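Below are the chains, spelled out letter by letter.
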Amino acid sequence: MIIRKYEAETENDAIMKAMEDLGKDAIVMNIKTSKPKGLFRWFRKPIVEVTAAIDENTKEQKKEKQEQERTRGGNDGYVTTKAVYGNNDIIFDSPLAEKKEETKAYAIEEKLNSLQKLLEQQIQEQEKEKIEEQTIPEKEESEETACLKLIYNQLINSEVAEKYANQLMNEIEGSLKKDATVDNILAMVYQKIILKLGQPEGIEVPGNTTKFVVFIGPTGVGKTTTIAKIASCFQLEKKAKVALVTADTYRIAAVEQLRTYANILGIPLRVVYSAEEMKGIVEELKEFDLVFVDTAGRSHKNQEQKEDLKDLLQAIPEDGREIYLVLSAATKYRDLEKITEIYKEIANYKIIFTKFDETSGIGNIYNIRMLTQAPLSYATWGQNVPDDIGRIDVQDIAKQLLGGQ
């Protein structure tokens, strides 16, 4: 007798596999449903395992039967012996029962012995599973599972990418103690998120040198307004010597907007049209503490514009510059992925997120931090200058990702 096991998502699919492999005379001996295990078992479907069997001699017997029927004009002289296993009939056909009694008896005994061994094996497996389940207190498992599932779903609702949500949950599961309470688990996730977001890095006034702070990024994210807010802070509150430079000569409105802010603050503004002019500006403004540079919000898909921006940045000595990539928190994650990867080819940067007031899902902050590993910096949430800006509060971000206010 040939005995094999087949797995599929449904009982019918598993039986069809058995029939395709063993033939239509295959006998279904047992059906078992296995539930997936592990942290994310609620996202996986159960597996149906079908045990099927067929007599190795079935095909030969069938052929012999057909041959005798043909020579005798029917099935006279044949007797049918039927054994029952569960809801399935096991049929044995033998020609001239009186002459084949010994063969029939042997075949039945062999099949029954095989069935007995299979049942004993399955009973042992079931007993083993029961023992394993009893080693874990039902209350403890259900609490941990419910808590982890709730946290995972909350991260997804906060628009954290599945890749990073799964990564976070796997790390938590690996360090989880058996006696961990719901509060312990939540605190672990909260602390893990804060550590992954890292300490935000802001702009510092240098000592006896000039620092050029360059703002890059796509169009429409609010670079010019962000520069005005930061420049106002350092000019009015920290009493630093500040100057402004704009290379965004593609939009007259952008130049005039920055000129208005410069006049209000009483600080100089320079307009540059090329990398060569930027070299001259570096020398001209070396008496200032901080020089904030606005760049054109060009398409990150345009290779020529990327090269122009790279040349502009290289005109500033590397040890005298900081680069900030300005992104909108309301932008789709797929677009942010492409933007950050393209700008990474141009230079290393820190990240500023704008338009916090225009989105309810802040998972992108976590996603981009995990994707780029670039330090986070400032966040903005409105148009008011010099207000509506501050360093990203990673503790607040962690709370919001977990559903807090």
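All values reported here derive from a predicted model rather than from experimental measurement. (Residues numbered from 1 in each chain as written. Predicted model: local features only at pLDDT ≥ 70, side-chain atom pairs only at ≥ 80, totals over all residues. Heavy atoms only, no water.)

Moving on, we get to the pattern of salt bridges. Evaluation of the coordinates by the stated rule reveals 13 salt bridges. Linking E284 and R270 is a salt bridge whose minimum nitrogen-to-oxygen distance equals 2.6 Å. Here E284, found in helix 9 (residues 275-284), pairs with R270, found in strand 8 (residues 269-271); they are 14 residues apart in sequence, far enough to count as distant. Under the relative-accessibility criterion, E284 is labelled partly exposed at 40%. (Salt bridge = Lys/Arg side-chain N within 4 Å of Asp/Glu carboxyl O. Helix = DSSP H or I, 4+ residues; strand = E, 2+ residues; numbered from the N terminus. Buried < 20%, exposed > 50% of the residue type's maximum accessible area, 1.4 Å probe, protein only.)

With antiparallel pairing, three strands are arranged side by side in an open sheet as 1-3-2. Both edges of this open sheet fall to strand 1 (2-8) and strand 2 (27-34), since each of them pairs with a single strand only. The mean angle between the axes of side-by-side strands here comes to 20 degrees, regardless of whether they run parallel or antiparallel. Bridge count between strand 2 and strand 3 (residues 47-54): seven bridges; the pairing is antiparallel. Each residue of the ladder has a partner; that of V28, found in strand 3, is A52. Along the sheet, helix 1 (residues 11-22) makes contact with strand 1, strand 2 and strand 3, crossing strand 1 at roughly 140 degrees. (Pairing = 2+ DSSP bridges. Axes fitted to C-alpha atoms, helices over the stretch in contact; angles between N-to-C directions. Contact = heavy atoms within 4.5 Å.)

This brings us to the confidence of the model for the protein chain. Mean pLDDT for the protein chain: 80, with 75% of residues reaching 70 or above. Within the protein chain, strand 6 (residues 211-216) carries the highest mean pLDDT (96), whereas strand 4 (residues 78-85) carries the lowest (41). Low pLDDT, under 50, characterises residues 38-43; the predicted model gives this stretch 15 contacts beyond four residues in sequence or across chains. Contacts from residues 74-101, a stretch scored under 50 in pLDDT, to residues over four places away or in other chains number 52 contacts. (pLDDT = per-residue confidence, 0-100.)

Attention shifts here to the packing of aromatic side chains. Counting across every chain of the model gives three aromatic pairs. Judged by centre distance (6.0 Å) and plane angle (25 degrees), the ring pair of F215 and Y324 falls under stacked. On the criterion of sequence distance, the pair formed by F215 in strand 6 and Y324 in strand 10 (residues 321-328) is long-range, its members being 109 residues apart. For the pair shown, F215 and Y324 are each scored as buried. One aromatic cluster is present, built from ring pairs that chain together F215, F234, F292 and Y324. Taking NZ or CZ as reference, K344 lies 4.8 Å from the ring centre of Y349, over its face. (Phe/Tyr/Trp six-rings, centres within 6.5 Å; stacked < 30°, edge-to-face > 60°. Lys NZ or Arg CZ within 6 Å of the ring centre and 35° of its normal.)

What follows deals with the nonpolar core. Grouped together as the largest cluster of nonpolar side chains are 67 residues, with contacts concentrated most on L155, I193, M278, F353 and Y366. Counting residues per element, this core draws most heavily on helix 6 (residues 182-197), at six residues. I203, V242, I267 and Y324 belong to the second largest nonpolar core, which has 24 residues in total. (Core = buried A, V, L, I, M, F, W, Y, C linked by side-chain atoms within 4.5 Å.)

Pairing is mixed across the open sheet formed by eight strands, whose spatial order is 8-7-9-6-10-11-12-13. A strand with exactly one partner marks an edge of an open sheet, and here the two such strands are strand 8 and strand 13 (389-391). Averaged over all pairs of adjacent strands, the angle between their axes in this sheet comes to 25 degrees, without regard to strand direction. When strand 7 (residues 242-246) meets strand 8, the two strands line up parallel, connected through three bridges. Of the residues in strand 8, the one forming a bridge with T246 is V271.

Moving on to the side chain of R369. For R369, the position within the fold is in helix 12 (residues 363-372). For R369, which is buried and forms no salt bridge, the nearest opposite charge comes from E201, at a distance of 7.2 Å. Reaching out from R369, the side chain makes a polar contact with the backbone oxygen of K196 at a distance of 3.0 Å. Beyond its immediate stretch of four places on either side in the chain, R369 contacts K196, L197, G198, A374, P375 and L376. (Lys, Arg positive; Asp, Glu negative; His and termini not counted. Polar contact = N/O pair within 3.5 Å; in protein donor to acceptor, adjacent residues only side chain to side chain.)

This part takes up the environment of I323. Mapped onto the elements of the fold, I323 is located in strand 10. In this structure I323 comes out as buried when scored by relative accessible area, which is 7%. Counting along the chain gives 30 residues from I323 to V293, while the straight-line C-alpha distance between them is 9.5 Å. Excluding residues within four positions of it along the chain, I323 makes contact with V214, I216, L313, A347, N348, Y349 and K350.

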